[in-house]
Amino acid sequence: MTHLRKPILVSPAGNLDKLRFAIRYGANAVYFGGEMFNLRAGSENLSIENIARGTEICTTANVDSIFLMNSFLHQSDIEKVKEYLSLIKDFNFSAILISDPGMMMIIRELGISTPIHLSTQMSTLNHYAINFWKDVGISRIVLAREVTLEEIRRIREHVDIELEVFVHGALCISYSGRCLLSRYFTGRDANLGQCTHPCRWKYSIVEENREGNHLDIIEYARGTEILSSKDLCLIRLLPEYARAGVDAFKIEGRMKSVYYTANTTRVYAHALSLLDKPEEFAAKLPFWQRELALISHRPYTENLFNEFEGMKGKKSIPTIRGARFFGYFVEKGRDETEIYMMVHNPFSLGDTVEAIYPIYNNCVRDKQYRVCDIAEGELIATSAIPNRIYRVRFDAPVYEYAIFRESTK
Ligand code: SF4
């Protein structure tokens with residue numbers, strides 16, 4: 001089937017700040033959950049008031065708002081989910097994302113006509129499944145992360161429905177989170193959004209007669225049940241996925257930082273803007289790859305879709321820290337060199353930091369600054385500590401939505 005639409009970028013919005021930054025850094029759509037029935041129990045999640053506010057911000061910015069109701073429901077959840085949905089039924093979401101067909105039935109039973117997207121959690125892998133979901137009223141399918149590029153091409157020949165794929169972020173070794181490891185080890189259930197990631201812990205085997213003689217578990221593509229995945233990064237292959245007929249590219253990571261949200265969003269948004277300019281795309285690719293290397297991540301792979309190569313390697317793949325994230329713009333100060341800043345990691349007077357900014361018109365405006373003054377309320381300080389808002393003066397004008405990280409020059 002012909003597929004002509006320009007793909008959009010869907011970014012995570014774990015709280016209202018991340019939502020604002022995702023929008024300003026180039027997301028076409030953001031996804032967020034409330035305090036119940038989404039698969040991120042550990043995320044900050046939005047109160048009813050903030051869901052309303054977030055949806056309003058999206059509408060004003062002409063950005064799609066995708067609300068997550070993607071928990072699997074136990075029978076005992078039914079009345080609670082109805083009560084919860086009745087609180088948000090009049091909000092102007094662009095779509096609601098579900099996993100459990102029962103959730104869809106309840107949404108429609110309550111007279112909510114918002115378009116419904118199907119989560120990757122439903123492991124949709126083929127065009128018969130897609131057309132089944134289309135027939136029952138789903139308008140967009142987030143494909144299983146196990147679907148290969150070639151399979152997407154073949155699927156697209158048989159379906160006329162919006163397809164979304166994950167392009168960046170953490171991967172799950174089981175089929176899209178259908179996994180009991182966390183529940184087994186810690187009592188915290190991945191299917192209820194409480195995963196403690198035991199698939200990434202270090203394991204070894206001990207032969208029963210040789211106590212203390214530990215053998216490390218080595219991963220093979222198809223040989224081990226307990227695996228430790230790398231992180232997905234499909235930036236290089238974006239044009240191919242677009243040509244295969246993908247409508248929406250999704251970034252994983254509602255629980256990650258404002259810096260992660262903003263920088264991954266600006267990189268992928270910039271890349272999407274150059275999809276029809278192959279030479280410029282190729283020229284900018286090293287910059288994007290460098291930026292993605294400057295966020296905390298596990299070694300990247302683009303191969304989970306293709307033969308599961310990403311799972312190969314030793315256990316306990318280390319996380320790569322990336323650039324230190326100091327904090328982000330909250331509001332303007334008394335002149336153009338001063339801002340109020342939410343601090344994430346400590347820094348001191350005289351430090352050199354780097355601000356990153358949204359990329360507009362193919363123009364990167366990142367800049368090095370020296371920290372000249374720090375104040376908390378009326379108190380002058382020599383350093384800033386995390387989770388507080390400071391008034392900070394720099395040696396040059398600072399612009400809205402700056403995000404500060406350690407100097408990379
Ligand atoms: S333990 Fe690993 S494989 Fe299982 S749900 Fe959590 S992240 Fe996914």
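Within the protein one finds 10 helices and 23 strands. Burial statistics for the protein: of 409 residues in total, 52% are counted as buried. Of the contacts made within the protein by residues no fewer than 6 positions apart, 67% connect residues no fewer than 24 positions apart. Surface summary for the protein: the accessible area is close to 18900 Å², and the carbon and sulfur share equals 51%.

Generally speaking, soluble globular proteins have nonpolar side chains that are buried together. Counting 99 residues, the largest nonpolar core has Ile235, Leu238, Phe249, Tyr268 and Ile403 as its most contacted members. When residues in this core are grouped by element, the largest group, nine residues, is from helix α9 (residues 258-273). Mapping this core onto the domain boundaries places at least three of its residues in each of domain 1 (8-176 + 228-314) and domain 2 (325-406). Filtering out sequence-adjacent residues up to four positions away, Ile403 remains in contact with Phe21, Tyr25, Val258, Tyr259, Ala262, Phe325, Gly327, Tyr328, Glu354, Ala355 and Ile356. Listed in part, the 21 residues of the second largest apolar core include Met341, Ala355, Ala381 and Ala402.

A separate point is a nonpolar patch on the surface. Together, Tyr184, Phe185 and Trp201 make up a nonpolar patch on the protein surface, roughly 370 Å² of accessible area in all. Structurally, Tyr184 is set in helix α7 (residues 181-186). Judged by its relative accessible area of 68%, Tyr184 is exposed.

Secondary-structure assignment places Glu400 in the loop between β22 (389-394) and β23 (403-406). As for Glu400 and Glu336, which are separated by 64 residues in sequence, their C-alpha atoms are 9.9 Å apart. If sequence neighbours within four positions are ignored, Glu400 has contacts with Arg24, Phe329, Lys332 and Tyr357.

Counted residue by residue, β22 has five buried out of six residues, so it is predominantly covered. Relative to β22, strand β16 (residues 338-343) runs antiparallel, the two being bridged by five bridges. Counterpart to Met341 in the pairing with β22 is Tyr390. As defined by bridge partners, strand β19 (residues 367-376) adjoins β22 across four bridges and the pair is classed as antiparallel. Residue pairing across strands places Ile374 opposite Val392, the latter belonging to β22.

As a further point, take helix α3 (residues 78-88). Listing the buried residues of α3 in full gives Val81, Tyr84, Leu85 and Ile88. Angular distribution of buried residues about the axis of α3 spans 100°; they occupy a single face of the element. Facing away from the buried side of α3, by more than 90 degrees, are the exposed residues Glu79 and Glu83. Contacts made by the buried residues of α3 are with α2 (48-61), β3 (64-69) and α4 (101-109).

About the thresholds
- Residues numbered from 1 in each chain as written.
- Predicted model: local features only at pLDDT ≥ 70, side-chain atom pairs only at ≥ 80, totals over all residues.
- Heavy atoms only, no water.
- Helix = DSSP H or I, 4+ residues; strand = E, 2+ residues; numbered from the N terminus.
- Buried < 20%, exposed > 50% of the residue type's maximum accessible area, 1.4 Å probe, protein only.
- Contact = heavy atoms within 4.5 Å.
- Areas by Shrake-Rupley, 256 points an atom, 1.4 Å probe, with all protein chains shown as cover.
- Core = buried A, V, L, I, M, F, W, Y, C linked by side-chain atoms within 4.5 Å.
- Domains from an automatic or database assignment.
- Patch = residues over 30% accessible without salt bridge, like charges linked within 9 Å, V, L, I, M, F, W, Y side chains within 5 Å.
- Salt bridge = Lys/Arg side-chain N within 4 Å of Asp/Glu carboxyl O.
- Pairing = 2+ DSSP bridges.
- Arc of directions from axis to C-beta.

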